[in-house]
Amino acid sequence: MNVPCMRCKGNNPRWFCGRSYCPIIAKSEAMFKVKERVAKEEFSGSSPAPFVGRFGYPNVHVGILSVEERDSEIYDAPRAWSGANYEIPRIVDLRSSLVNSRFVVNVKGNHRFLDAAQEVGMAAKPVELEVKLDKKPSFRVNSDAYSAPMGPNASLKM
């Protein structure tokens, strides 16, 4: 897919950002690859990491990043990516494959999903789990240069 970037118009030297890839195109290509695989409301797999939001403290979004595979260590392993010289599009593909099954919780309280997210964060290896979502995960391309690529997300079924 060789489409010029909508923001910098990659084919015009005056607006070209100078990168060897366009992050917006890389994210949207990853989204289309992932969309076919993870369009389910229930699945089992493993989780390499939790997600903790930064807005609305003490009521924040907490999520469990998971993928429908048993061996998911490589999906959230920056040191391994660096050691193996992964290209940026490959890293975007990996990060975009992680489904963020999220929920809003008061971090000062006690909640069974919060306990599960804390266990995922403390585990040395990815944790196997079953995920039940309220609806199919939604996909959104975020063109923010400061945030890590994110995969689809949906609310956990309570």
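Structure: see above.
Residues numbered from 1 in each chain as written. Predicted model: local features only at pLDDT ≥ 70, side-chain atom pairs only at ≥ 80, totals over all residues. Heavy atoms only, no water.

Take helix α4 (residues 112-122) next. Among all positions in α4, only Phe113, Leu114, Ala117 and Val120 are buried. Projection of α4 onto a plane perpendicular to its axis shows the buried side chains occupying an angular sector of 120°, all on one side. Facing away from the buried side of α4 by more than 90 degrees, the exposed set consists of Arg112, Glu119 and Met122. Against the buried residues of α4 lie β1 (42-52), β2 (59-67), β3 (99-106) and β4 (127-132). (Buried < 20%, exposed > 50% of the residue type's maximum accessible area, 1.4 Å probe, protein only. Helix = DSSP H or I, 4+ residues; strand = E, 2+ residues; numbered from the N terminus. Arc of directions from axis to C-beta. Contact = heavy atoms within 4.5 Å.)

In this section: a negative patch on the surface. On the surface, Glu41, Glu42, Glu130 and Asp134 cluster together into a patch of negative charge. Of note, Glu130 is situated in strand β4. (Patch = residues over 30% accessible without salt bridge, like charges linked within 9 Å, V, L, I, M, F, W, Y side chains within 5 Å. Areas by Shrake-Rupley, 256 points an atom, 1.4 Å probe, with all protein chains shown as cover. Salt bridge = Lys/Arg side-chain N within 4 Å of Asp/Glu carboxyl O. Lys, Arg positive; Asp, Glu negative; His and termini not counted. Charge placed at Lys NZ, Arg CZ, Asp CG, Glu CD.)

Turning next to the nonpolar core. The nonpolar side chains of soluble globular proteins are, as a tendency, buried together. Formed by 16 residues in total, the largest nonpolar core has its most connected members in Val62, Phe103, Val131, Leu133 and Leu156. Within the residue set of this core, elements represented by two or more residues are β2, β3, α4 and β4. Sort the elements by how many residues they give to this core and α4 lands first, with four residues. Beyond its immediate sequence surroundings of up to four residues, Val131 is in contact with Glu41, Glu42, Phe43, Ser66, Ser101 and Leu156. Ranked by size, the runner-up nonpolar core spans seven residues in total, among them Val67, Trp81, Ile91 and Leu98. (Core = buried A, V, L, I, M, F, W, Y, C linked by side-chain atoms within 4.5 Å.)

The tally for this structure, following the rule as stated, stands at one salt bridge. Residue Asp76 is joined to Arg95 by a salt bridge in which the shortest nitrogen-to-oxygen separation is 2.8 Å. One end of the pair, Asp76, is in the loop between β2 and α2 (78-83); the other, Arg95, is in helix α3 (residues 88-96), with 19 residues separating them in the sequence. The exposure class assigned to Asp76 is partly exposed, which follows from its relative accessible area of 29%.

Right, let's talk about the sheet that holds β4 for a bit. Pairing is mixed across the open sheet formed by five strands, whose spatial order is β4-β1-β2-β3-β5. In this open sheet, the two edge strands, each paired with only one partner strand, are β4 and β5 (153-155). Taking each pair of neighbouring strands and ignoring which way they run, the sheet shows an average axis angle of 45°. Bridging between β2 and β3 involves eight bridges; their strand directions are antiparallel. Following the sheet pairing, His61 is matched in β3 by Val104. (Pairing = 2+ DSSP bridges. Axes fitted to C-alpha atoms, helices over the stretch in contact; angles between N-to-C directions.)

Purely geometric stuff here, so don't read any function into it on its own.
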